[in-house]
Every structure is written in structure tokens, then in C-alpha cells.
Amino acid sequence: MSVQPKLTRFNQNVLSKYQIYNSIFMTLPFDAITKTGVLLPLFHETCTKGFQNGDNPSTIVETFFKKYQARRSEESQINLLFRFIQYIERQVVLFDAIEDAAFPVVNNMEGIGTLRSLKETASSEQRREELKKYLEEFNVRIVLTAHPTQFYPGSVLGIITELTKAIREDNLLQINDLLGQLGKTPFYKHNKPTPYDEAISLIWYLENVFYYSFGTIYDYIQQNIFDNGPIDNDILNIGFWPGGDRDGNPFVTPEITMQVARRLKQTVLKNYYRDARKLRRRLTFKGVEHRIVAIETKLWDHMINPLDTSILPLEELKSELEVIKQLLKDEHQSLYLTEVNSFINKIKLFGYHFANLDIRQDSRAHDKVFTQMVEAVIASGSDIFPEDYLSLSQDEQVAVLSKVKGKVDLALFEDEEVLKALKTMQVIKEIQEGNGEQAANRYIISNNQTTLNVMQLFAMLKLVAFHDELTVDIGPLFETVPDLENAHLVMEELYTNPAYSAHLKNRGNRQHIMLGFSDGTKDGGYLMANWAIFKAKERLTEVSRKYDVTVIFFDGRGGPPARGGGKTHQFYASLGPTIEDKEVQLTIQGQTISSNFGTLDSSQYNLEQLISSGIYNRFNEKENAMSETNTEVMNDLATISYKTYVDFKNHPMFVPYLERMSTLKYYAKTNIGSRPSKRGKGDGLVFEDLRAIPFVGSWSQLKQNVPGFFGVGTALKKYEDAGDFDKVQQLYKDSKFFKTLIENSMMSLSKSFFDLTKYMADDPEFGAFWTIIYTEFETTKRLLLKLTGYEVLMQDEPAGKASIDIRESIVLPLLTIQQFALRKIQELEKAEVRDEEQIKIYENLVTRSLFGNINASRNSA
């Protein structure tokens, strides 16, 4: 049977269904929604034609009211715009649900990049044993973060799940009811979530999606690649940041961290209990039944009281199931053996921890705490530190910390921040004792710049909690371009430090290093951030191999290409032999969790793509190696784009433009995350204080997407002007890494719409700055099309482009309203007498408009 092209499958299963179900939504029997449903298409048409005619957003909104709703008062007009926003938010949810329902139809679940395809490729090339060897040492870890780019409250996520199921089953009656429920359910969060609230939201995915998709993938590998034999490797595991990431978030306390760890354990016990109950209904055989009943009972008791580790130790649970497995083989013709084995595999994957809870804090915060700790310890008369410690050089301080011994009594401290930091280290040990070492055995130091940053944490952990053996991996996070360039020097100092080297030996000679794409792009622009990380990985791999250390790279990636997102798996398939690739670790956050891993199908598909990408890189290492000539071209392109971006970033209008012409300052008002939206406490906006998510998200709201392309066009143009464009074309042809960078940048360009802000070109203050951005956009677009030979952006991904086009069309009226409101605020703020009440109304309009646009983009921040 022939398979239709992906675009045809998309049009039939997504676009057509959206048009049908949206028409049902338009006729729902609620007065407000019915009127909105009639008027919104007229407003959409007015927006489309207005931008085609070169009108600004204010003119478009005024034209609509003059033509269709002339009798409305100003208050009534504002109320209708709010209702348009509410309606569009729900249209986005409907489209999400339809796309999720169609996922296994639109995407080939057995095609390239899936495990089945990987297995068949290995078999046809007689590399099956090689594949098994790789799978016994290769791991994928996705790390769920609390970073706020997900606007749906839990009630709406529940509706999406139910709606997706009903659409897949073509259950029209239930679809109608759920659309009605959607129309009545509030989207807006009136209060900021706590870090624990954020953890609960993400634990939902662990309980309902990852528990099953991880198990399915592991079972498939065991049954089809290892022929039901044992696998001496987890292959998949999951990391977790909510409740552990305290970088810039004062609301994450030691108590919250412990609370989250207990909830994780309780949730995995609940899932085990459900599986045991199912097995109990099957294993009704002599010699087996009483054993599974006992397991079920103990799991229930342990779930109710997760602190009592004596109820059912993990090893006892595993050994009892192994006994049942053997009894089924010996006495019951292996009946239900597959189901028991699947349960055992899940316990192997998730233990009593469910997810690896990472702890993260900024090196500058550590330094303050450490300094106060040293002062208090010296003042107490202790000889742990020499009295002149704080006046020593950095190298001398590192030497002291390498040999430091003793115990620090927390009763010495009164400062709240010091106590929070040090108690967190004690909590890590408590979590390990209750949930197993994997529950919390990695500490990330963000903004790591020096060897001393690492050794300060190393010493604190040993002095405060881990007096005998340090069972925590310390992972420095290098983010800025200068820090990435120096990272290998820092690591060499650590590898040659006897104390740290001995610690690494106890940890299996494995060093975790995190690299930040988000702040790298904010700091150095798109091309340089990605290239700087690539080169840093090469240098770090070389120095690690020199000292017989296996480096584990952990990529801090966001949703969009500007934050290391986009076609992530293609990056991992293109690393080549010069970068260590025994593990793929990356952060997954915000909408990317729900869009790429929110259903069983999408989760399984994207996890398989990540596993396959790492294996394919191993299979094709030699082909992925970059030639010397191509490396020179890539380096030159990155350098030119870096200078272009830095000059742009240093433009005197850069920060004022973001502050006054974008939605940057409104992110803090959306109540989607517990973390403050900027690092500094001052009222003024300083570039260094900007967090990557509001920074990238604000450019996305403007439909300018600067961080995803700025500098790329200028770099390519230099080669075109010099008559050397063929060198770039050769690089594009030879390098999968560069090709992926280009395709991701195309995605950023595809989501840009400069007609929305064209009016800014005439602004006396910001007109010239807007023109700089637009000129770079046009240059980049022209040269990317020339480089790829495409006639339109994303030409080789028609289904992906169609999805973006529909989503952009849905939110066009919303973006128009947002810009209309921003212009109104600017007018009102320039007035001789400020009308605070009116300003507040339009500010609410801007804040509400953020929701639908970010959710529609699915990877906007």
C-alpha cells in the first residue's frame, strides 16, 4: 500500500479537521463566544488586507470597528478585543489537540530515525553486534526544567489530553462537549506558581507519559535488538529541575527540594502499584499469586508512607519480581512473562527516584555563601581554614580546598541565604538515603568561570554533608563566549588536581559539563554561540581524553533555534569523531515538553530520534568529520556574524528598543513561572540582567526573531561580495552540522513577520534601528535561499511549514491587538496628563496577548 506524501497527510488529518472543528466552536451556544465567532473572521480578514496594504496595527483595528462595529463605545471595543484574545487562545488549543491526535499518522512511526529503522539499517549492514555494543554504553537523558514558557494551566492541559483522544476516535459528541468546556475554562493564572506547583505540573508528564514511553522503548530494544537478553545499561533516564534549580529563584528552598523528591517517589510508587494491580488480575497461579498480592500491598503501604524505607526496599521489590519471573518460566509455561519483564524494566529505569533531581546555583551566589562560611568558621576558632585564607591568591585557595577536612556546624550561621545554601547540601544526602543515590546526585554551577568556582562547591559539600564519600557529580556550566573559550583550561586544572582527580575516579572517571545555548546566543549571536559550543566540546573532549576521563556533555537548550532548539536530534547526528558522544543530555522546557513529548506517540517518536541520532553519529563518525577548509570557512562565518551581532547589541537603541517597543517588561506579569523575569533588583533594564527566555520571547512577540538569524546574512554576504560563495555552498553540502544550523535559522525566519512592525520604520527615535534589523532579515533570507537552492523558506519541510503557516495565521489578529495596545500605551504615556486607568487596561491587553502567541509558536522561547 502506497503512503501519501507527508504534506497530504497533514492537510487531510490536521488542516481539514481544524476547519471542521473550528466551525463547531464558532457556533457554540454561549452568547459571548457566538458573537466573537462571527466577528473574528471579519477581523482576521481586516488584518490580512490591512498589512497587505501597508497599514499599521492601529489603523487596522480602527478600520474594523468603523466598518463592522461603528456603534460600540470605546469600553465595548476593548471588551471585544479581550474576547478575541480568549477565542484565539482556544483556537490554538484546538489546533494543538488536532495536531497531537494526528501525530502518528503525519509522522512515520517506523521511518528514518526510529528504532525499527535503526535496527534494520544495522542488520542490513551486518552491524547488529556493533549496535548492541553501542546501546550498552550509550545514554539519553532529557532534563525537564521549570523555565516558564508554558502558559496552559493544568485544567487546560487536561482538556487537551481528552480532546486529543476524542479527535483520534472521531467522537463528535465528546468533542462538542470538550469544546464547550474549553470555552468556559479560564486560561489566566492570577497568582504566580510556587516551585512546588511547577514540579507538580511536570510530574504529570512523568506519571502519564514518560513512565509508559520509556518502558515501551526499553522493551522494544530488549526484545528486538537484544533478543530478550539482559541489557547492562539504562539507555534512557530523565532529569528534573523544578524544586532543585535555585539559580535566580529565591523561592526554591531546601524544604521545597525535599518536598519535590518525596512527591517524585510517591508518584513512581503509585505507578508501580497500578502495574502490580494489573498483574495481580493475571497471575492467579499457585505459588505466584500470594507473591504478587504481597508486592501490591507493600507498594500501597509504601506509597502512603514514602518516608519509611523499611516497608519495601527497592532490592526486595526487584528480587521478588525476579522470583515470580523464574516461577512463570519453570512452572507456568512463561504465561504473562512479557508483562512481568516489562514491569521489571520500569523499576530498573525509575527506581524509587523516578527522575534525577538536579541542584543548580550560580557561582557568584556560592562565592558569597562560601566567603561568609569561611569567616564564621575562622571566627569560631576552628582550624579548618587558615586565618589568612581570604587574602590568599586563587591558586593558593584551590590548594587549601583540595586538602580541606572536617565538619562545619550550621549553628554557626544566622544569615538566611547561607543557611539555605548549606542546608540544601544536607538535603541532597537525605534524598539519596531515602530515594537512592540517583535521586539527587548532580550539582550544576551556572556561570562557572574558574577552577575555584568548582572547588568551593567541592569543599562545601564535603564539609557540610558528605564527610566520608562525595556521591555527587559536580557539573560546571559554561555559558558566555569567553567562558566557553577558557573552559578546557579550567577542566585541565581540575583533572590535574589530586583531590578532584581522586573524586572523579570514585565517580567512574566521568565528568559532567553543561554548556548553555540560551545565554550563549544572547551574548554572541546565533552562529557564534553554536560554533563556540561545538569548538568548546572539541577542546573539552581532547583534554578529557588526555586524562582518561569520559566527558558527559549536558546541553542547556530551549525551544527555538535561538536557544539551541529546533531540529535538536540532527545536531547530535552530526558531531563527528572529535566530540565525546557516549551520552546525549539536554534540557526540555516549556511548550517543548508538551509539543515534543506531551503524548505517548510524540514522546516515543522524539526519544527514538534522540537515541538514533547518537547511534548514527557513531556509525558515520568519519563522514561527519569537518575538513580543514570547511572548518576555516565555518570559523570565519562565526567570527563575522559575532562582530555584527556584538555591534548591534552595543547599539545605544538596543535596550531602549526592547524596553519600550517590545513586550519584554510584560513577561513578569504573566504568572507562569516562580522565577523573577530578570536577575538584577534595580528598576532600570541592564542587558546583563536579561534572562534568555524573556529576551528571546520578546523578539518572537515582535515577529522579528533576531536571535535566530542576526549576523548570519552579513557573514554570508561577505563571501558573496568576495566571489567566494562557492566555499559556503561546499560547507553546506559537506557538513550536517552547518546544514542543521541553516535549516534552524530558516525556521526563525519563517516565523518572522515584519509587516506587523513596519510602522516603526517611520518612528523618529527607533526608525533607523528597526531598519537595521529588517535589512539583516532581508539579506539573510535572500542568501539562505541562494545557499540552499530553495524558492521558499523550509521548502524541504512542507508539512512543518504548513503547520507554522496555520499557527501564524491563527494568531495574526492577536498580534495586531498586541501592537495596537502597545501603541496606545506609548501615546498615553506621552500625554500631558497620564490616564493611569487607561494605561492599565491596555497593559492588561498586552499581557493577555502574550499567552496565545507563545502557545501557538510551540517553541518560541
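Note: the structure precedes this text.
What counts, and where the lines are drawn
Residues numbered from 1 in each chain as written. Predicted model: local features only at pLDDT ≥ 70, side-chain atom pairs only at ≥ 80, totals over all residues. Heavy atoms only, no water. Helix = DSSP H or I, 4+ residues; strand = E, 2+ residues; numbered from the N terminus. Rg over C-alpha atoms; globule rule 2.2 N^0.38 Å. Buried < 20%, exposed > 50% of the residue type's maximum accessible area, 1.4 Å probe, protein only. Axes fitted to C-alpha atoms, helices over the stretch in contact; angles between N-to-C directions. Parallel < 35°, antiparallel > 145°, perpendicular 65-115°, else oblique. Left-handed = near helix turned anticlockwise from the far one by under 90°. Contact = heavy atoms within 4.5 Å. Salt bridge = Lys/Arg side-chain N within 4 Å of Asp/Glu carboxyl O. Phe/Tyr/Trp six-rings, centres within 6.5 Å; stacked < 30°, edge-to-face > 60°. Lys NZ or Arg CZ within 6 Å of the ring centre and 35° of its normal.

Some remarks on the overall build of the chain
Working step 1: A tally of regular secondary structure across the chain gives 35 helices and nine strands.
Working step 2: The globule rule puts the C-alpha radius of gyration for 861 residues at 29 Å, and the 28 Å found for the chain is close to it.
Working step 3: Taken over the C-alpha atoms alone, the chain extends approximately 75 × 70 × 60 Å along its principal axes.
Working step 4: The proportion of buried residues among the 861 residues of the chain is 61%.

Remarks on the packing of helix H4 (residues 74–101) against helix H34 (residues 798–830)
Working step 1: Taken N-terminus to C-terminus, the directions of H4 and H34 make an angle of 165 degrees; their axes are 10 Å apart at the nearest point. Put simply, H4 runs roughly antiparallel to H34. As H4 packs across H34, the resulting crossing turns out to be left-handed. The segment H4 lies against H34, with Leu81, Phe84, Ile85, Ile88, Gln91, Val92, Phe95, Asp96 and Glu99 engaging Ser803, Ile806, Arg807, Ile810, Val811, Pro813, Leu814, Ile817 and Phe820.

So, the pattern of salt bridges
Working step 1: Evaluation of the coordinates by the stated rule reveals 45 salt bridges.
Working step 2: Between Arg442 and Asp358 there is a salt bridge, with the nearest N and O atoms lying 2.8 Å from each other. Taken together, the residues Arg442 in strand E5 (residues 442–446) and Asp358 in the loop between strand E3 (356–357) and strand E4 (359–362) connect sequence positions 84 residues apart. For the pair formed by Arg442 and Asp358, the shared burial category is buried.
Working step 3: Between Lys643 and Asp647 there is a salt bridge, with the nearest N and O atoms lying 2.9 Å from each other.

A closer look at the packing of aromatic side chains
Working step 1: Scanning all chains against the criterion turns up 50 aromatic pairs.
Working step 2: Each ring, one from Phe648 and one from Phe769, has its centre 5.1 Å from the other, and the planes form 10 degrees; the classification is stacked. With Phe648 in helix H27 (residues 628–649) and Phe769 in helix H33 (residues 767–788), this residue pair connects regions lying 121 residues apart in the sequence.
Working step 3: Between Tyr657 and Phe769 the ring centres are 4.9 Å apart and the planes differ by 55 degrees, which places this aromatic pair in the tilted class. Taken together, the positions of Tyr657 in helix H28 (residues 654–661) and Phe769 in helix H33 put the pair 112 residues apart, joining distant regions of the chain. Neither residue differs from the other here; Tyr657 and Phe769 are each classed as buried.
Working step 4: Sitting over the ring of Phe554, Arg442 keeps its end group 4.3 Å from the ring centre.

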